[in-house]
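So the chains spell out like this:
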Amino acid sequence: MASYRYSRSVKSSETLTFLGAMFLIGLVFVAIVLWPSTPRITPPAVLGETPLSRQLNDAETVKYLNVLNRVKPELSSELHAQAEAAIADGASNDELALLVVGSYGMAVQSDFKTLMQADVTHMEKLISLTQNGLRTLSMHAPKYCQLATLEPLERKAPEQIVEELGAAFNYESRGYSWVLRFNTATLEAVENGREARNKYGRLTAADEQAMQALIMRLMTSPQASKLIRLQSLSGPEQERAMKTMNMCDISIEGLVALNELPRDTKGRLMGELRREFGSGLLDPGMLGRLGIG
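Residues numbered from 1 in each chain as written. Predicted model: local features only at pLDDT ≥ 70, side-chain atom pairs only at ≥ 80, totals over all residues. Heavy atoms only, no water.

Take the pattern of salt bridges next. Two side chains of opposite charge can pair, provided their charged atoms sit close to one another. What the rule picks out here adds up to 13 salt bridges. Among the salt bridges present, the one from Glu60 reaches Arg181, with a minimum N-O distance of 3.8 Å. Of this pair, Glu60 sits in helix H3 (residues 59-71) while Arg181 sits in helix H10 (residues 174-196), and the two are 121 residues apart along the sequence. A relative accessible area of 38% places Arg181 in the partly exposed class. In this structure, the salt-bridge partner of Arg217 is Glu260, at a minimum N-O distance of 3.0 Å. One end of the pair, Arg217, is in helix H11 (residues 205-219); the other, Glu260, is in the loop between helix H14 (247-259) and helix H15 (263-276), with 43 residues separating them in the sequence. When its relative accessible area of 45% is taken as the criterion, Arg217 is described as partly exposed. Where salt bridges share partners, they join Lys72, Glu74 and Asp111 into one cluster. (Salt bridge = Lys/Arg side-chain N within 4 Å of Asp/Glu carboxyl O. Helix = DSSP H or I, 4+ residues; strand = E, 2+ residues; numbered from the N terminus. Buried < 20%, exposed > 50% of the residue type's maximum accessible area, 1.4 Å probe, protein only.)

Let's shift gears to the packing of helix H7 (residues 120-140) against H14. For any two helices packed against each other, the geometry comes down to the angle between their axes and how far apart the axes lie. The interhelical angle for the contact between H7 and H14, taken along N-to-C directions, is 155°, at an axis separation of 9 Å. Classified by the interaxial angle, the pair formed by H7 and H14 is roughly antiparallel. Remark: the crossing between H7 and H14 carries left-handed chirality. Facing H7, whose interface residues are Glu124, Ile127, Ser128, Thr130, Gln131, Leu134, Arg135, Leu137 and Ser138, H14 presents Cys248, Asp249, Ser251, Ile252, Leu255, Val256, Leu258 and Asn259. The class makeup of the residues in the contact of H7 with H14 is eight nonpolar, six polar and three charged. (Axes fitted to C-alpha atoms, helices over the stretch in contact; angles between N-to-C directions. Parallel < 35°, antiparallel > 145°, perpendicular 65-115°, else oblique. Left-handed = near helix turned anticlockwise from the far one by under 90°. Contact = heavy atoms within 4.5 Å. Nonpolar A, V, L, I, M, F, W, Y, C, P; charged D, E, K, R; others polar.)

As for its position among the elements, Asn69 is in helix H3. Of note is the side chain of Asn69, whose polar atom sits 3.2 Å from the side chain of Ser76. (Polar contact = N/O pair within 3.5 Å; in protein donor to acceptor, adjacent residues only side chain to side chain.)

Among the residues of helix H8 (residues 147-154), those classed as buried are Leu147, Thr149, Leu150, Glu151 and Leu153. On its buried face, H8 sits against helix H9 (158-165), helix H13 (235-244) and H14.

Look at Glu172: it is not a glycine, yet its phi comes out positive at around 65°. Relative to the helices and strands, Glu172 is located in the loop between H9 and H10. Here Glu172 falls in the exposed class, since its relative accessible area comes to 54%. In this structure, Arg197 takes a positive phi of about 50° despite not being glycine. Mapped onto the elements, Arg197 comes out in the loop between H10 and H11.

Here the focus is the packing of H3 against helix H4 (residues 73-88). Here H3 crosses H4 at 130°, and the two axes come no closer than 5 Å. The orientation of H3 with respect to H4, classified from their angle, is oblique. Only Pro73, Leu75, Ser76, Leu79 and His80 of H4 make contact with H3, whose side of the interface consists of Leu65, Leu68, Asn69, Arg70 and Val71. Its residues assigned to classes, the contact of H3 with H4 shows six nonpolar, three polar and one charged.

Turning next to the packing of aromatic side chains. Taken as a whole and assessed by the stated rule, the structure comprises three aromatic pairs. Here Tyr171 and Tyr176 contribute two aromatic rings whose centre-to-centre distance is 5.5 Å and whose plane-to-plane angle is 70°, an arrangement assigned as edge-to-face. A single burial state applies to Tyr171 and to Tyr176, both of which are buried. (Phe/Tyr/Trp six-rings, centres within 6.5 Å; stacked < 30°, edge-to-face > 60°.)

Set out below in structure tokens:
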């Protein structure tokens with residue numbers, strides 16, 4: 001049978017865009033804790049013991065610091081330099097935790113293509129971690145599931161964001177633990193992508209059918225169907241409605257369905273996302289079109 005080459009029809013493009021949007025919405029709340037980058041410092045060859053690892057010495061933090069140093073040594077060096085200066089000024093554990101949380105975030109954009117070459121099991125883990133984090137956020141801080149809350153934060157200065165959100169990422173808090181686990185898993189996936197360099201093929205006819213079935217399921221699901229029904233509204237009406245919807249609950253349904261796709265399909269979907277990155281599907285402007293930016 002002749003192989004099916006992915007068709008760039010309007011229908012296929014909208015399916016891929018929808019799936020990309022669901023995953024992006026699921027990650028957007030992480031971006032509110034990022035700090036501006038500072039000049040990078042030549043990294044040490046081996047992490048070893050540092051003032052930061054001595055002060056925040058729980059197993060979860062130590063593991064993250066070692067993975068960060070191994071995969072992104074320049075960011076590790078930057079973090080430890082900042083932490084050493086902060087400790088010298090008498091920084092608390094909670095203040096150091098904010099530095100740790102913000103040490104790897106939007107840097108994933110530069111690693112995205114490498115990430116999409118990792119083994120599918122890494123992506124499955126990231127999707128599961130995202131859905132668990134969103135479920136916790138929806139239960140304990142639902143206002144941060146609304147774009148109306150997230151949008152103003154994007155325009156605030158870092159110190160204003162810290163003032164408003166800092167307590168959610170106190171040392172050994174639920175938020176701190178989740179970010180460390182997610183960032184550790186992301187870094188490990190990037191590392192795997194560097195080594196494996198999987199070249200996933202184009203979506204097949206069977207893949208397309210599986211994704212269409214996923215969309216049809218979501219159209220009748222309690223939460224995600226709300227997002228789909230917005231298509232009948234005008235642009236301004238869509239924007240107003242989206243800003244007050246619980247995007248966490250909507251994204252959870254989409255991520256659960258996404259992770260139920262066949263593993264081979266998910267691999268080829270990763271390949272498509274890698275090829276599309278930077279061409280308008282997953283660029284920063286997409287957040288604006290979703291009403292986020």
